[in-house]
Amino acid sequence: MKIKYIFFYFIGIFCFLTNSIFASNIDLSKDKNNDPWNIEADTLSYFHLTEVVLGEGNAKVTRSDMFLSADVIIYDKAKNKVFANKNVVIKVSEDILEGDEAEFDLVTRTGEVKKGHLFLKRNNVHLLAEEIKKTGLEEYEAKKANISTCPLPKQAWNFKCNELKLSVSGNAVATGNTFNVKGIPLLYSPWLSIPINRYRKSGFLLPYFTSSSRNGIEVEVPYFWAINDSLDMTFYQRPMTERGWMEGVELRYTLTNESKGNIRYNYLEDRLNDNDFNKDGVIRGTDDRWWLRARADHKLPHDIDLKVDIDLVSDMDYLREFDDGPSGYEETDKAFTREFGRGLADKTDWVRPSSVQLTKGFSEAFLGVETKYFDNLVLGEQDKTPFTLPKITGQFFKNRIAKSNFYYSLDSNYTHYWRETGISYDRFNLNPELSYPINFSNKANLLLSSRLETSLYRKYNDDPDQKPSDHAARILYHLQGELSTILKKNYGSDQTLVHSIRPALKYQHRPEDKQEDVPYIDVYDRLEPQNRITYSLLSYLSQRNKDSVFSASDLLRFKIEQSYDSYGSASSTKEQYGYHSYFDFYDELMRKLNYKDQKDIIDVDKEFDDHYFSPILAEFELLPSPYLYFRYDTTYNIYGYGVTTANFLTRITNLRGSTGDLEYRYSKLTDISELNLNLLMKLTPEWYGIYQTRYSFEDNIDSEFKSAYGLRYVGSCWTFTTKYIKDQDEQRVTFNVELLGMGNWSMF
């Protein structure tokens, strides 16, 4: 009996000292002003005298802002510390810290992990070390560490260091470093700075290497300066053995999603004594080579939008010579298009626009102010080039007059053109319009409109090529009527395939007026007479969304159009080809001056003036699947010139990631006949082949005037691209490496 009582006596003492629970949990004491800690495990033992909890098997300590798990956990309630052993995992915010053993303070969120692995999700960074100490909220120290963004276990590259400190700013500073590729050390540095736990950190970007027959060996080394979260600068150093040292700077800022800017500038004192790039007869005339470009958008008070575009360059060859690299034309154009939706003018354009615009939209009106400057790169021509200072535009959108079927609208603008040499003027345009739509029992629609075109001028300076009045006025009228209908038919078992045909007939009339007393700079100064009938036919095949009758996508589109004008088709031909003003004809003038075979030049005004039928315009688009796109447009002259323009584009993609663009451009008026091919071929899951070529069929241009061959490797944590580029004047090889997640780093 005594043995029995003694047994129950010890059982009672054990139950008093401990509380053993299987697959249970305990709510522990709260930290000040925080939620309680919760501990659970397959087996939990609570020691009342020492206030220690032992968790064994799938043990976890959790709270809303933290998670800790291990095979075995000892929680010391008095000290608010956790000791963990085997398969330790600690999650704080988005960071994950793993290891074999750990000691962690639940109050200060600090601790130490043996044989640790720290994963920083923000930049996908892996940090392996013999010992990792968490010394603050986002502060760590490590010994014998490896850093990489490559996935484990086999990393394509990493940095190895003896000691590392990660500060609260997200910058890691390490000593005794080597940079390794596939385990092979390639670079050594006693000191290393890497931004591994933040989005923006000052430091050197990876260099861009090029070897060129024209520039020699060159290396472009950018340095990124993160001034604050909304402002940064990048400084570019580009030494070229044959040309000198090019420097550049880029300033970016983002105040809000609608207020941001990007400003870039490069300068080179060129040592290369070569004024005739590509041997095209165009002399650049300067050794100081520079390029200033910028884009900016701002949302001002009262919903006023500000847009700034700047494009100023030292000479006409700069953009063609320096089109590659981080600060070259191609990358700048892509960046501006991506960030602002507005790219640069083509690098071959010799007249480059810069502008400042202020616009304000209303529910029924629009108001805009614009100043535009044209940088004329032809030597001696800048003084003759006009620019607007300013242009003010006001519009009232089409509105119904009371309860009638009449609609009114108003388009007005004031323009001040100024230039140092030649005519400058003030012009005020006022164009009220009245329209009347007629619906014929939903079978056809007729839109009648009449517009009064009023212009007032005040001329400054003189021009030997024209003799306008000092104060000119012009009042014309424009009548238009358009009759159209739409025929539709549904196909398919579910009737979602819709074929539509829209024939239209349009008549336009403007009386003839010599307008010799009106100065001429842009399209609004010469309103061509019209007595024109235009027929058109638009046919398209659409796939309607089954879930929404208002959603559809076009699979095929075809359009044909031609005009007859009793005044002659020269004006309609120029409109069709996009020639409208001094600025549009300027490149045509330069082309005539430089073209070798003058007999092939077409003078639109002389050759087409007695042609009453315009060229036939035809357009065709096909989108049979998301992976195939085809477009073709052409104009055909029925008076013996045949095809005068033709543009063809085919774009192919596939599920593997390969893409291909085949483009052909032809214009008899501008002597363009070229084939462009761009291929990105996925050879393996990681390797891509690159082929790009521009081939000209014109006798006055070298047939293959630009080609590029390259390879690109895209890994999970790094990319590598190399290209061999050949054009008319040089050959070059480029080499670029990007370590994903570690674009900026400093090594000394």
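This one's a predicted model, so the numbers in the text were calculated from it and none came from an experiment. All residue numbers refer to positions counted from 1 along the written sequence of the respective chain. The predicted origin of the model limits local features to residues at a pLDDT of at least 70 and limits the giving and counting of side-chain atom pairs to 80 or more, whereas totals for whole chains, interfaces and linings rest on all residues. As a rule here, side-chain values cover all heavy atoms of the structure and leave hydrogens and water aside.

## Topic: a nonpolar patch on the surface
Item 1. Side chains of Tyr-564, Tyr-612, Phe-613, Tyr-636, Ile-638, Tyr-639 and Val-643 sit close together on the surface and give an oily, nonpolar patch of about 610 Å² of accessible area.
Item 2. Helix and strand assignments come from DSSP, with helices taken as H or I runs of at least 4 residues and strands as E runs of at least 2, each series counted from the N terminus. Mapped onto the elements, Tyr-564 comes out in strand E31 (residues 552-565). Exposure above 30% relative accessible area and no salt bridge define the residues that can form patches, which grow by joining like charges within 9 Å and nonpolar side chains of Val, Leu, Ile, Met, Phe, Trp and Tyr within 5 Å. Areas reported as accessible are Shrake-Rupley estimates using a 1.4 Å probe. Residue values count occlusion only from the protein chains shown. Every case where a carboxyl oxygen of Asp or Glu lies within 4 Å of a side-chain nitrogen of Lys or Arg is listed as a salt bridge.

## A closer look at the state of the cysteines
Two cysteines form a disulfide when their sulfur atoms are joined by a covalent bond.
Item 1. Throughout, disulfides are identified as pairs of cysteine sulfur atoms within 2.5 Å of each other. Per the counting criterion, the structure on display carries 1 disulfide.
Item 2. Disulfide partner of Cys-150: Cys-717, at an S-S distance of 1.8 Å. Judged by the torsion about the S-S bond (75°), the Cys-150/Cys-717 disulfide is right-handed. Note that Cys-150 is positioned in the loop between strand E9 (140-148) and strand E10 (157-166) and Cys-717 in the loop between strand E38 (704-714) and strand E39 (718-727), a separation of 567 residues in sequence.
Item 3. Accessibility here uses a 1.4 Å probe with only protein chains present; expressed as a share of the type maximum, an area under 20% marks a residue as buried, one over 50% as exposed, and anything in between as partly exposed. We classify Cys-150 as buried; its relative accessible area is 1%.

## So, the packing of aromatic side chains
Item 1. Note on ring pairs: Phe, Tyr and Trp rings are taken, using the six-membered ring of Trp, and paired if centres are within 6.5 Å. Classes follow the plane angle, with under 30 degrees stacked, over 60 edge-to-face and the rest tilted. The full count for this structure, using the stated rule, is 24 aromatic pairs.
Item 2. A ring pair is formed by Tyr-564 and Tyr-612, whose centres lie 6.3 Å apart and whose planes are at 40°; its orientation type is tilted. With Tyr-564 in strand E31 and Tyr-612 in the loop between helix H6 (604-607) and strand E32 (616-625), this pair connects stretches of sequence that are 48 residues apart.
Item 3. Looking at Tyr-564, the relative accessible area reads 35%, which means it is partly exposed.
Item 4. Accessibility expressed as a relative area gives 37% for Tyr-612, which makes it partly exposed.
Item 5. Each ring, one from Tyr-664 and one from Phe-697, has its centre 6.2 Å from the other, and the planes form 65°; the classification is edge-to-face. Of this pair, Tyr-664 sits in strand E35 (residues 659-667) while Phe-697 sits in the loop between strand E37 (687-696) and E38; the two residues are 33 residues apart in sequence, bridging distant segments of the chain.
Item 6. Given the relative accessible area of 23%, Tyr-664 is considered partly exposed.
Item 7. An aromatic cluster is defined as three or more aromatic residues linked by ring pairs; in this entry it consists of Trp-291, Tyr-318, Phe-322 and Tyr-329.
Item 8. Above the ring of Phe-340, the side-chain terminus of Lys-260 is found at 5.6 Å from the ring centroid. Two thresholds decide whether a charge sits over a ring: the Lys NZ or Arg CZ must be within 6 Å of the ring centre and within 35 degrees of the ring normal.

## Re the pairing of E39
Item 1. Strand pairing requires that DSSP identify at least two bridges connecting the strands. Sheet topology note: the E39/strand E40 (residues 731-739) ladder contains 9 bridges and is antiparallel. Each bridged residue has a counterpart across the sheet, and for Trp-718 the counterpart in E40 is Leu-739.
Item 2. Count of turn residues in the E39/E40 antiparallel hairpin: 3 residues.

## Overview of the side chain of Asp-311
Item 1. Tracing the chain through its elements places Asp-311 in strand E20 (residues 304-313).
Item 2. For Asp-311, a relative accessible area of 1% translates into the label buried.
Item 3. Pairing of N or O atoms within 3.5 Å defines a polar contact, subject to two protein rules: one partner must be a possible hydrogen donor and the other a possible acceptor, and residues neighboring in sequence count only if both atoms are side-chain atoms. A polar atom in the side chain of Asp-311 sits 2.8 Å from the side chain of Arg-352.
Item 4. In what follows, a contact means two residues having at least one pair of non-hydrogen atoms within 4.5 Å. Excluding its chain neighbours within four sequence positions, the residues that come into contact with Asp-311 are Trp-291, Leu-292, Arg-293, Leu-344, Ala-345, Arg-352, Pro-353, Ser-354 and Asp-375.

## With respect to the nonpolar core
Item 1. For this analysis, a nonpolar core means a set of buried residues of the types Ala, Val, Leu, Ile, Met, Phe, Trp, Tyr and Cys, connected via side-chain atoms within 4.5 Å. Core analysis: the largest hydrophobic core is formed by 48 residues, its most contacted members being Leu-68, Ile-73, Ile-90 and Leu-164.
Item 2. The residues touching Ile-90, leaving out its near neighbours within four places in the chain, are Met-66, Phe-67, Leu-68, Asp-95, Ile-96, Leu-97, Ala-102, Phe-104 and Val-113.
Item 3. One finds Met-240, Leu-319, Phe-340 and Leu-377 within the second-largest nonpolar core, a separate group that totals 16 residues.

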